[in-house]
Structures are given as structure tokens and as C-alpha cells.
Amino acid sequence: MNKAVIIEIRAGAGGDEAALFVADLFRMYSRFVEKQDWKITLVSSHPTGTGGYKEIILEIKDDEAYDNFKYEGGVHRVQRIPTTEKSGRIHTSTVSVAVMPVATETEIKIDPKEIRIDVLRASGPGGQHVNKTESAVRITHLATGIMVTCQEERHQIQNRERAMGVMRTRLLARKKKEELTLRGNERREQIGTADRSEKVRTYNYPQNRITDHRIKKSWHNLEKILDGDLKIIIKAFNKFKK
């Protein structure tokens with residue numbers, strides 16, 4: 001499939017450590033995209049006070065984006081010693097990743113009567129415009145309750161366009177669930193409950209090892225992979241799927 005993708009990264013179990021690992025995965029995906037010279041846009045982010053994120057939503061535009069990221073969906077588990085841990089005990093935290101092809105207006109048409117659009121003041125980091133102008137946009141799909149908020153852009157119209165793009169993508173995922181009940185909702189399957197036991201990949205810092213549990217393969221260059229060297233994992237999946 002040749003299509004741009006929306007990637008949603010959310011903290012699961014583990015509190016601040018999970019939020020910090022959201023930032024790590026965000027950096028890993030961003031570095032990979034930079035190396036491919038693709039376009040990446042930050043759609044939405046909810047930072048914490050410790051340098052992590054509760055949630056980050058990205059849009060990556062390139063014909064090869066979905067093919068490269070489609071195996072990233074699922075629960076990523078991290079095992080490491082937090083900087084705040086005085087006894088040296090290893091903590092286990094989880095982060096959920098959902099990868100969805102961007103839905104176009106021809107695939108999903110949204111009637112203005114089906115949604116409510118609220119304009120609000122942006123909050124958190126973002127420059128002088130924050131809390132001074134009503135540039136943030138929140139869109140609610142009335143029938144499903146799906147809500148999307150975007151405040152990353154300086155102008156309201158840009159935030160509205162990005163939020164609508166995410167809304168269409170989420171509604172398309174919901175539509176696929178209804179049409180393919182046996183396969184289920186791709187996004188829901190990927191996210192699960194973000195419990196520690198629902199894992200597709202484990203990042204073990206003390207052992208410098210990343211293990212993907214779906215193809216039962218491990219790599220011992222954790223730092224390099226987290227710096228955006230995802231090709232080694234992508235190639236392993238492509239070989240496994242043949």
C-alpha cells in the first residue's frame with residue numbers, strides 16, 4: 001500500500017517512565033523519517049512535566065510510509081532503570097502505537113452536521129501565541145464520541161485541517177471494523193489495553209537488546225535502532241512475511 005500514515009503513540013502502564021518512552025519512540029520514528037528525507041508533521045502532543053508525553057500524533061507523508069511503518073503497531077514494552085530509581089530496580093512500562101493509512105475525503109465524507117467544532121486557546125509549550133489567541137481546535141464526532149484536538153499550528157485554520165485529517169482516519173478505521181468484523185478494528189487491535197502482557201516488542205536496556213515477539217527475533221544494537229535505524233527491523237519483517 002502506497003499511502004501516508006497517521007501514527008499515534010500513547011503512554012500505557014508505567015507512569016512517568018511510559019511517558020518518557022513515548023518521547024523515545026517519537027524520536028526514533030522522527031530520526032528514521034529524517035534519514036529517508038520524508039515529510040513529518042506533528043499533529044498533536046500532550047507533554048508531561050518530566051520531559052515525556054502522554055500522547056503524540058504524527059503524520060508522515062511518503063508513498064512508502066505505510067509499508068515501512070505498518071509493523072510498528074502494537075504495544076511496545078520497555079525494561080530499564082529509571083533515573084529516579086535509587087535502588088537500581090528495573091521497571092517495566094508500556095507504550096501503545098497505532099499505525100493507520102491516512103483517509104482521504106473521497107474515502108470518508110464528513111457531514112458538517114455530524115461534528116462539533118470547538119475553538120480554544122492553546123496550552124503548554126508552543127511560543128508566544130500560546131494562551132493569547134484561540135488557535136487550538138477540538139473536533140467531536142457526535143455519533144461516535146471520537147474527539148480530536150490539534151494545537152501545534154499557529155493558525156486556527158491549519159489546526160482545523162489537521163484535526164479533520166485525523167478524524168477521517170479514525171472514522172475509516174472504525175468503518176473497517178464494521179465491514180470486516182472477523183478481522184476487527186486494526187487500530188483497536190494494535191492498541192489493545194496497553195497492559196504489560198500485551199506486547200509486540202520489548203526494549204531491554206540492561207541487556208542492550210530489542211526483541212520482536214511476533215517474528216521471534218532479537219537485535220543487540222538498541223541505541224542505534226532508537227536513533228532511527230529501523231531498516232534492520234523492517235527488512236527482517238519483509239523477509240519473514242515472504
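Residues numbered from 1 in each chain as written. Predicted model: local features only at pLDDT ≥ 70, side-chain atom pairs only at ≥ 80, totals over all residues. Heavy atoms only, no water.

Details of the overall build of the protein
Next up, step 1: Helix and strand counts for the protein stand at 6 helices and 11 strands.
Next up, step 2: Counting every position in the protein, which comprises 242 residues, the buried fraction comes to 47%.
Next up, step 3: Contacts spanning at least 24 positions in sequence make up 59% of the contacts within the protein whose residues lie at least 6 apart. (Helix = DSSP H or I, 4+ residues; strand = E, 2+ residues; numbered from the N terminus. Buried < 20%, exposed > 50% of the residue type's maximum accessible area, 1.4 Å probe, protein only. Contact = heavy atoms within 4.5 Å.)

A few points about the packing of aromatic side chains
Next up, step 1: Across all of its chains, the model carries 6 aromatic pairs by this definition.
Next up, step 2: With 6.1 Å between their ring centres and 70 degrees between their planes, Phe 26 and Tyr 53 make a pair best called edge-to-face. Within this pair, whereas Phe 26 is found in helix α1 (residues 16-36), its partner Tyr 53 is found in strand β3 (residues 53-61), the two being separated by 27 residues in sequence.
Next up, step 3: Between the aromatic rings of Phe 32 and Trp 38, the centroid separation amounts to 5.8 Å while the plane-to-plane angle is 85 degrees, which identifies the pairing as edge-to-face. Judged on exposure class, the residue Phe 32 and its partner Trp 38 are both buried.
Next up, step 4: Three or more aromatic residues joined by ring pairs form one cluster here, namely Tyr 29, Phe 32, Trp 38 and Phe 69.
Next up, step 5: Positioned over the ring face of Tyr 205 is Arg 80, at 4.9 Å from the centre of the ring. (Phe/Tyr/Trp six-rings, centres within 6.5 Å; stacked < 30°, edge-to-face > 60°. Lys NZ or Arg CZ within 6 Å of the ring centre and 35° of its normal.)

Structural notes on the confidence of the model for the protein
Atom-level detail of predicted coordinates should not be read off regions where pLDDT is low.
Next up, step 1: Per-residue pLDDT for the protein has a mean of 84; in total, 85% of the residues score no lower than 70.
Next up, step 2: When the criterion is pLDDT under 50, residues 126-131 qualifies, and its contacts beyond four places in sequence or with other chains add up to 10 contacts. (pLDDT = per-residue confidence, 0-100.)

Points about the pairing of strand β1 (residues 5-11)
Next up, step 1: Here β1 lies mainly inside the structure; 6 of its 7 residues are buried.
Next up, step 2: Sheet topology places β1 next to β3; 6 bridges connect them, and they run antiparallel. Residue Ile 6 lies in a different strand from β3, and its bridge partner there is Glu 59. (Pairing = 2+ DSSP bridges.)

Regarding the sheet that holds β3
Next up, step 1: As summarised here, the arrangement of the 8 strands in space is β2-β3-β1-β5-β4-β9-β10-β11, forming an open sheet in which the pairing is mixed. Two strands bound the open sheet, and with one partner strand each, they are β2 (39-47) and β11 (217-219). The average angle at which neighbouring strand axes cross in this sheet is 15 degrees, direction not considered.
Next up, step 2: Examined bridge by bridge, β2 and β3 share 8 bridges and lie antiparallel to one another. Its bridge partner being in β3, Ser 44 is matched across the sheet by Ile 57. (Axes fitted to C-alpha atoms, helices over the stretch in contact; angles between N-to-C directions.)

Let's talk about the sheet that holds strand β6 (residues 115-120)
Next up, step 1: The strand order across the open sheet built from 3 strands is β6-β7-β8, with neighbouring strands paired in antiparallel fashion. Both edges of this open sheet fall to β6 and β8 (147-150), since each of them pairs with a single strand only. Strand after strand, the sheet turns through a mean of 15 degrees between neighbouring axes, direction not considered.

Structural notes on the nonpolar core
Next up, step 1: Judged by nonpolar contacts, the single largest core of 34 residues is most densely connected at Ile 7, Ile 9, Leu 25, Tyr 29, Phe 69, Tyr 203 and Leu 230.
Next up, step 2: It is α1 that provides the largest number of residues to this core, a total of 7 residues.
Next up, step 3: Leave out the neighbours within four places in its chain, and Leu 25 touches Ile 9, His 76, Val 95, Val 97 and Tyr 203.
Next up, step 4: The next biggest cluster of nonpolar side chains, apart from the first, holds 22 residues, and it includes Met 100, Ile 110, Ile 139 and Ala 163. (Core = buried A, V, L, I, M, F, W, Y, C linked by side-chain atoms within 4.5 Å.)

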